[in-house]
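Observations on chain architecture
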Amino acid sequence: MWAIRTAVNYFFEIVQLLVLIRVILSWVPNVNMYSKPVKFIYNVTEPIMEPVREFTARYINLGPIDISPIIVLFLISFVRNVILRLLFIL
């Protein structure tokens, strides 16, 4: 059971890291968006980012400021904590 908890924890940490890398890549000017590593990061994080981005655009309109990565990081942390607590109960 310990291995499952550790694997779940690492999975969520990797997803959080990919979201942070995506944020940093969005700040860098001249990033090749068609390179394989960048496409991989965007393909992995886009299914998580898009619903939150649509929600924030509809209900929390801040103009050009995109707070969806912050919300996504909080949601990932929340879901990770819930899953890990459920695994500790078992």
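These remarks concern the structure in this document. Note that the coordinates shown come from a computational prediction; the quantities given were computed from them, not determined experimentally.

1. Points about a nonpolar patch on the surface
Side chains of F78, V79, V82, I83, L86 and I89 sit close together on the surface and give an oily, nonpolar patch of about 550 Å² of accessible area. One can find V82 in helix α3 (residues 68–89).

2. With respect to the nonpolar core
Within soluble globular proteins, side chains that are nonpolar tend to cluster in buried spots. Listed in full, the ten residues of the largest apolar core are V8, F12, V15, V19, M49, V52, V72, I76, L84 and L87. Of all elements in the fold, only α1 (2–27), α2 (36–59) and α3 reach the threshold of two or more residues within this core. In this structure L87 touches M1, I4, R5 and V8, once residues within four positions along its chain are discounted. Membership of the second largest hydrophobic core comes to five residues, among which are L25, V38, I41 and Y42.

Analysis parameters
- Residues numbered from 1 in each chain as written.
- Predicted model: local features only at pLDDT ≥ 70, side-chain atom pairs only at ≥ 80, totals over all residues.
- Heavy atoms only, no water.
- Patch = residues over 30% accessible without salt bridge, like charges linked within 9 Å, V, L, I, M, F, W, Y side chains within 5 Å.
- Areas by Shrake-Rupley, 256 points an atom, 1.4 Å probe, with all protein chains shown as cover.
- Salt bridge = Lys/Arg side-chain N within 4 Å of Asp/Glu carboxyl O.
- Helix = DSSP H or I, 4+ residues; strand = E, 2+ residues; numbered from the N terminus.
- Core = buried A, V, L, I, M, F, W, Y, C linked by side-chain atoms within 4.5 Å.
- Buried < 20%, exposed > 50% of the residue type's maximum accessible area, 1.4 Å probe, protein only.
- Contact = heavy atoms within 4.5 Å.

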